[in-house]
Structures are given as structure tokens and as C-alpha cells.
Amino acid sequence: RAKTLGRSTCVGFTQAMNHDTQQRVELETQLRGAAAAGQLQLLYQPKVSLATGAIVGCEALLRWHHPVLGPVSPARFIPVAEDSGLIVPISDWVLRTACLQARAWADAGLPRTTVAVNISARQLLQQDLAGWTLDMLQETGLAPGLLELELTESLIAQDVEKMIDTFERLKEVGVRLSIDDFGTGYSSLSYLKHFRVDTLKIDQSFVRNMLTQREDETIVRAVIALAHNLQFEVIAEGVETAAHCALLRAHGCDEIQGYYFSPPVPAAEFEALLRGGRHLPLEAGATAP
Ligand code: C2E
Ligand code: MG
Ligand code: MG
Ligand code: MG
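Residues numbered from 1 in each chain as written. Chains lettered and ligands numbered in written order. Predicted model: local features only at pLDDT ≥ 70, side-chain atom pairs only at ≥ 80, totals over all residues. Heavy atoms only, no water.

An unreviewed UniProt entry lists the protein under the name EAL domain-containing protein, from Pseudorhodoferax aquiterrae.

Written out as C-alpha cells, the structure reads:
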């Protein structure tokens, strides 16, 4: 009986694994042609100043419109892209598209907006991040001060010496750097003193529970204080309600990003927000923007 059970469990596992592996292989094959087939798209989510209520920048977020599966989440396909090495051409497409878009907005005389691009861990190990970024700025003609790179703490902690050098080269020309999902990595805080980043992004998990969990509010306040004491700016992500917004403002947070102001939107829609001069309502008692 034990043998039968063991065997059937084993068969089930193998089938499950094959199914999973097969799905990944399929996804990888399809992802390979996605950029050329025009299935990749960048959405842009506004970053808003809590001092002025104005849009000060945006984050570029990747979407894959699969012909059969529909929109596939980056959480699902970025790992596949990393394992297969496809992350290199995809990241190239992302950075080029974001830089060209930011350049077009600047050339059109729209209010100044930075564009942030997410950097993946594997990409960082495989590529010379600084060289790649500087080449792309040159190719696209974007002012370096309009580009921001978002990196996670675990990623930075992988190779501290190499990262210090990378950051120096990027800061030298004025590229902005931010630490994404801050507070969720397991690295030591001491790395912060070695890196001249511009911004800490408070992870959305803390923001989400800030109103109901005292510990999360404490962490949010502590990160804001830490950032300011280190001369960094601080932005909260995942801001979904007026109450989140008011509390973050009361605690001195510099900027917010989240569904409360706007979800990630196509370039034309982001441009319309900029042109329309859309602001976050900052008066007390204000509700939806
Ligand atoms: P992230 O960089 O931390 O991006 C924030 C995520 O939160 C985005 O999910 C965004 O759509 C979502 N979000 C924004 N506002 C809210 C809100 O108010 N509430 C909630 N619940 N969520 C909100 P998305 O677009 O699915 O991206 C997921 C992750 O995939 C990103 O996390 C980033 O790590 C990665 N990613 C996205 N685009 C790229 C890319 O071009 N390259 C790389 N390497 N990674 C990317
Ligand atoms: Mg990000
Ligand atoms: Mg994040
Ligand atoms: Mg995240």
C-alpha cells in the first residue's frame, strides 16, 4: 500500500513538474518573439509630490499582451525571461522605449517628468549596468537627469564593490537611483551609507496595512525618518486611498504612487494627465482626485 501510494505520488509529481516545465518552455518560446511581434507595451504610473500635488515623474511598467493568454503579468514572465537570458533583449527594449518616450515628452515642452525603469537581478549580474545605461542615454538623447533606475536591496547586496562603482558612474552623469520595495529585503542597513541613491521607495505591503496595523505605520514613519536623515527622498508605493495619502503627508513623505491618483496607464493617457495639469487634491477633507 505504501508502495502504491509512493508511486502514485511520484507519478503525480512528475506530471505536475512536466506540466509546469512545459508551460515555462512554451512561455519562453512565445516570449522570444514578443518584442518583434509588438506584444510588449510600457505603461506609465505617475509619481506625485505631496508638497505641491503635481506629477513629478512616472514609473514604466512592462506588459506582455499574449495573443491567446491575454495580458501576462511581469511577475509571471520576468522570471522566465531571467532564466532564459531573454531578459537582456527585453530590458534593452524597455530602456530604449522609456528613454525615447521621456525624450519625446521633454521635446514637446510638457512639464518636467522623470521616467523610472525597473532593473532585474539577473540583468545586473550579466551586464555592465552603467555602460549599458550610458550608451542608451547617448543613443536616445535623453537628459540623464530625467532617467531613474529602480533597484531592489537584495540586488544591490549581491556584489557591493561592483555596485558602488556602478552607482558612482551613473551618479556622475546625473542618473537618478532608487531602492525599490524598501524594507522587504534581508540585507543589512549598513549598505545605505555606501550608496548615493536619491530615493527610497517604501514597499506597498507596509502602506497597505498602515491604517490598521500599528507596526506597519511605525515602519513607514521609521523609513521616512531614515531616508531624510540620510538625505534621501522617500516615496510610498501602493497608495490606494485618501486616508493613506493624508497619513503619509502628515508623516512628511515626499511623494506617492498608487491607484489613488492613477493606475499605470498607456503613454498617451499619461501625457494627457501631464497636459491637463492634473493635481492631487491636498486640502484637508479632500476625497478622490
Ligand atoms: P514594482 O516595481 O514594485 O512595481 C509596483 C507594482 O505595483 C506594479 O505592478 C504596479 O502596477 C503595482 N501598483 C501600483 N499602484 C498600486 C496600488 O495602488 N495598489 C496595488 N495593489 N498595486 C499597485 P506590476 O506592473 O504588475 O509589476 C510588478 C513587478 O514586476 C514590479 O514591481 C517590478 O518588480 C516588475 N517589473 C515591471 N516592469 C518591469 C520591467 O520593465 N523590467 C523588470 N526587470 N521588472 C519589471
Ligand atoms: Mg519599481
Ligand atoms: Mg516596488
Ligand atoms: Mg514590488
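From this point, the narrative continues.
Student: Explain the overall build of the protein here, please?
Tutor: Regarding its fold elements, the protein presents 11 helices and 9 strands. Taking the principal axes of its C-alpha atoms as reference, the protein extends roughly 70 × 50 × 40 Å. Per-residue burial over the protein gives 44% buried out of 289 residues. A separation threshold of at least 6 residues defines the contact pool for the protein, and within that pool the share at least 24 residues apart is 67%. Per element, the accessible surface of the protein, about 14,200 Å² overall, is 54% carbon and sulfur. For the protein, the distance from the average position of its 25 positive side-chain charges to the average position of its 34 negative side-chain charges is 5 Å. (Helix = DSSP H or I, 4+ residues; strand = E, 2+ residues; numbered from the N terminus. Buried < 20%, exposed > 50% of the residue type's maximum accessible area, 1.4 Å probe, protein only. Contact = heavy atoms within 4.5 Å. Areas by Shrake-Rupley, 256 points an atom, 1.4 Å probe, with all protein chains shown as cover. Lys, Arg positive; Asp, Glu negative; His and termini not counted. Charge placed at Lys NZ, Arg CZ, Asp CG, Glu CD.)

Student: Which parts of the structure should I look at to understand the site of ligand 1?
Tutor: As a structural note, the neighbourhood of ligand 1 is formed by 20 residues, with R63, D180, Q204, E240 and Y259 the closest of them. With the chains in place, 82% of the 800 Å² that ligand 1 exposes on its own is no longer accessible. Taking a 2 Å distance to the grid points as the criterion, the majority of the atoms of ligand 1 fall inside the largest pocket. The set of elements that each furnish at least two residues to the shell around ligand 1 consists of strand 2 (55-66), helix 2 (74-84) and strand 6 (176-182). In terms of residue count, the dominant contributor to the shell around ligand 1 is strand 2 (4 residues). Here the residues of the shell around ligand 1 sort into 8 nonpolar, 6 polar and 6 charged. (Near = heavy atom within 4 Å. 1 Å grid on protein atoms, 1.4 Å probe; cavity = no way out; pocket = protein on both sides within 12 Å on 5 of 7 lines; lining within 4 Å. Sits in = over half its atoms within 2 Å of the grid points. Nonpolar A, V, L, I, M, F, W, Y, C, P; charged D, E, K, R; others polar.)

Student: Please clarify how the layout of surface pockets should be interpreted in this entry.
Tutor: Rolled over the atoms, a probe sized like a water molecule indicates the empty space that remains. There is about 950 Å³ of room inside the largest pocket. Lining the largest pocket are 37 residues, with E59, L61, P74, N118 and D180 positioned closest to its centre. Sorting the residues of the lining of the largest pocket by element identifies strand 1 (40-49), strand 2, helix 2, helix 3 (87-107), strand 4 (114-118), helix 4 (121-126), strand 5 (147-152) and strand 6 as the ones contributing at least two each. Per-class residue counts for the lining of the largest pocket are 18 nonpolar, 11 polar and 8 charged. Volume-wise, the second largest pocket comes out at about 180 Å³. Forming the walls of the second largest pocket are K47, I55, V56, P111, R112, T114, E148, R176, T199, E233 and E255. (Points joined across faces, edges and corners; volume = space filled by probe spheres on them.)

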